[in-house]
2 protein chains.
Amino acid sequence: MSTKSGPVVVLSGGVGGAKLALGLYRILPEQSLSVVVNTGDDFNHYGLRICPDLDTALYTLADLSDKEQGWGRANESWQCLQTLAELGGDNWFRLGDRDLALHLLRTQHLSEGATLTQCIHRLAANMGIGAQILPMSDQVVATELATDQGRLPFQEYFVRRQCQPVVESMHYTGAEVAQPSDEVLSALAQPDLRAIVIAPSNPYLSVAPILSIVGMKAALQRASAPVIAVSPVIGGAAVKGPTAKIMQELNLQPSALTVANFYKDLIDGFVLDTTDESLLSQLPVAGLSTNTLMTSLPDRERLAEEVLGFADQLR
Amino acid sequence: MSTKSGPVVVLSGGVGGAKLALGLYRILPEQSLSVVVNTGDDFNHYGLRICPDLDTALYTLADLSDKEQGWGRANESWQCLQTLAELGGDNWFRLGDRDLALHLLRTQHLSEGATLTQCIHRLAANMGIGAQILPMSDQVVATELATDQGRLPFQEYFVRRQCQPVVESMHYTGAEVAQPSDEVLSALAQPDLRAIVIAPSNPYLSVAPILSIVGMKAALQRASAPVIAVSPVIGGAAVKGPTAKIMQELNLQPSALTVANFYKDLIDGFVLDTTDESLLSQLPVAGLSTNTLMTSLPDRERLAEEVLGFADQLR
């Protein structure tokens, strides 16, 4: 266990980010972790408000996630989705029967006037989660991609077209007016904050929307704690998802170094995989090389410990 | 088989009405039946638009209904509902996993601007139903009950409180401005219409909302075909549901005769059970006594034949 104490904030997208968030959650005391989650992937489907990254954080921290497929709930069934297909409905977005309960409750809470933050707080409490899971904003931000097949909403690109279109640019619609919630700003302003961790999520699709909202970068820069980013790119490839593919399409070198440079104005330290340790000397900030591939639960906890230890050194 | 021909319209509430609608559907040629369905029970739940009587009509005519419990879909599963309860949500309205698909599709269609009529038409077509299932109106009408426990929305009274409150009066909010859809008016105005049947549904909770909307009674009176009502009360008791209980609470004699008098300005004939044949001479209109209890599929078909035969005699 680390010797220092104090609360920790992690900025996270979906599956990759939630892995490190879980590691941090398990090694920290109860109520010491705030997970600030991307909401740029959120969308409306069948009249329901769906927040994939928030739900991944909820399921992961509540130990309800499907560990095989990496998204959704364990022990899921698909009766509703099958019936939707039989009735001629869209079934490209995989709505599980148990997962639907979360979307129904959220849609109801929101329609009753709750903020997304209040809504997720209630769900997390009902799931017994001893961490704050915070939407980056209560205002709507929608990630859209300009591609060779036109401008696509995130889920259309990511799920329906399985990241096949060639990406030309990303747009975070609404980010120009959206602000971090009070809860996010309070989490970042904690005087005893130990570290802010940018999880190994996709920098362009998952973290950039968080950074793009009004006042978020300033709040990170004001924070008393060191900011550490963990590379989602190992040996020029992404552990999961289209990070490397998008980097190529944007004419960026798919490398941990590119990610470090993307974050360089915000971070105090950068964690990359031992595979990439030759890049350490080229980093724009302090670097740590370690095994960043989180296959097992002990991997998650060990990486969390190392990231916090690295942050403690940088104070 | 009856010798006469021509299309038939049936006015129906939920389960009891759908039984006779199914009998009519099975004995008539394809596309000869229009089922005008009560929408006063419709409500919003978890952000979804739920139309219980329309869904009962869809499931019954598509042969997808759960014949044991009398409502909902056969082979239903309850993963979503169980999860809702685990997450602290309401589970008094029994949303099945497969049933949810219908609510999701409807909610989506409506949010895209479809009328409820268009939406049900599409669902019925996808379910392979060769009859018109028509919402009574595309405007919202909400049945509410003044009770000893206050004014209650229909589902609150019917499902959540299981019809236990004492009913003082019924209100069909919105009926003062709602109109029958063009499709309903066209169905009733067919020059070769053979019969209009008021199904053995609850007169106060299921049929009265249909009759209460602007222009519905006039359209029934204008129609060229005889109007026949079938009693939902047999020997002073309702086959199903709170009909007799409500009649007592409203200080009405729970009897087929009371039902006949309720409809007397609209109907040309009244069908009651052989149990009540002593009441035939007191009816305000022509009467037919037969076995009206529809236990089996042949019962439904036989009663449908007899009702149409009776209508043919009254032309």
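Predicted, not measured: the structure shown is a model, and the values here were computed from it.

Draft legend 1. A look at the pairing of strand β13 (residues 269-273) of chain B. All names here are of chain B. Counting buried positions over the five residues of β13 gives five, a clear majority of the element. Residue alternation in β13 divides its side chains into two sets, Gly 269, Val 271 and Asp 273 and Phe 270 and Leu 272, and both sets are buried. Of the pairings in the sheet, the one linking strand β10 (residues 227-230) to β13 comprises three bridges and is parallel in character. Directly across from Val 230, in β13, lies its bridge partner Val 271. In terms of strand pairing, β13 meets strand β14 (residues 286-290) through five bridges, oriented parallel. Opposite Leu 272, over in β14, you have Ser 289 as the bridge partner.

Draft legend 2. Here's a closer look at the relation of the copies chain B and chain A. Of the transformation superimposing chain B on chain A, the axial component is 0.0 Å and the angular component is 180°, with the fit at an RMSD of 0.0 Å. The superposition of one copy onto the other is thereby described by a two-fold rotation axis. The rotation axis passes nearest to the C-alpha of B:Asp97 in chain B, at a distance of 3.0 Å. Both copies contact each other with a shared surface, as 100% of the interface residues of chain B are interface residues in chain A too.

Draft legend 3. Here's a closer look at the pattern of salt bridges. Tallying each qualifying case throughout the model produces 23 salt bridges over all chains. Across the salt bridge formed by B:Asp312 and B:Arg194, the nearest N and O atoms sit 2.8 Å from each other. Linking B:Asp312 in helix α12 (residues 297-314) with B:Arg194 in the loop between α7 (182-188) and β9 (195-198), this pair joins segments that are 118 residues apart in sequence. The same class applies to B:Asp312 as to B:Arg194, namely buried. Here B:Glu249 makes a salt bridge to B:Lys245, at a shortest N to O gap of 2.6 Å. Here B:Glu249 and its partner B:Lys245 are both found in helix α10 (residues 243-249), four residues apart, which amounts to about one turn of the helix. Residue B:Lys245 is classed as partly exposed on the basis of its relative accessible area of 29%. Within the structure, one salt-bridge network assembled from shared partners comprises A:Asp90, A:Glu156, A:Arg160 and A:Arg161.

Draft legend 4. Summary view of the sheet that holds strand β8 (residues 167-173) of chain A. All names here are of chain A. An order of β7-β6-β8 is seen for the three strands of this open sheet, with the pairing classed as antiparallel. What marks the edges here is a single partner per strand, and that holds for β7 (150-153) and β8. Across the sheet, the mean angle separating the axes of adjacent strands is 25° when strand polarity is ignored. Here strand β6 (residues 142-147) pairs with β7 via four bridges, running antiparallel. Paired with Thr 147 across the two strands is Gly 150, which belongs to β7. Strands β6 and β8 of the sheet are contacted by helix α8 (residues 203-212), whose axis makes an angle of about 40° with β8.

Draft legend 5. Local environment of the environment of B:Tyr25. Secondary-structure assignment places B:Tyr25 in helix α1 (residues 15-27). When the C-alpha atoms of B:Tyr25 and B:Ile50 are compared, they prove to be 24 Å apart, with 25 residues separating the residues in sequence.

Draft legend 6. Just the state of the cysteines, in detail. Residues and elements named next belong to chain B. Applying the stated criterion across every chain yields a total of zero disulfides over all chains. You can see Cys 51 has no disulfide; the closest cysteine sulfur is in Cys 119, sitting 7.3 Å from it. With a relative accessible area of 0%, Cys 51 lands in the buried category. Its sulfur unpaired, Cys 163 is 19 Å from the next cysteine sulfur, which belongs to Cys 51.

What counts as what
- Residues numbered from 1 in each chain as written.
- Chains lettered and ligands numbered in written order.
- Predicted model: local features only at pLDDT ≥ 70, side-chain atom pairs only at ≥ 80, totals over all residues.
- Heavy atoms only, no water.
- Buried < 20%, exposed > 50% of the residue type's maximum accessible area, 1.4 Å probe, protein only.
- Helix = DSSP H or I, 4+ residues; strand = E, 2+ residues; numbered from the N terminus.
- Pairing = 2+ DSSP bridges.
- Least-squares fit on C-alpha atoms with pLDDT ≥ 70 in both.
- Contact = heavy atoms within 4.5 Å.
- Salt bridge = Lys/Arg side-chain N within 4 Å of Asp/Glu carboxyl O.
- Axes fitted to C-alpha atoms, helices over the stretch in contact; angles between N-to-C directions.
- Disulfide = S-S within 2.5 Å.

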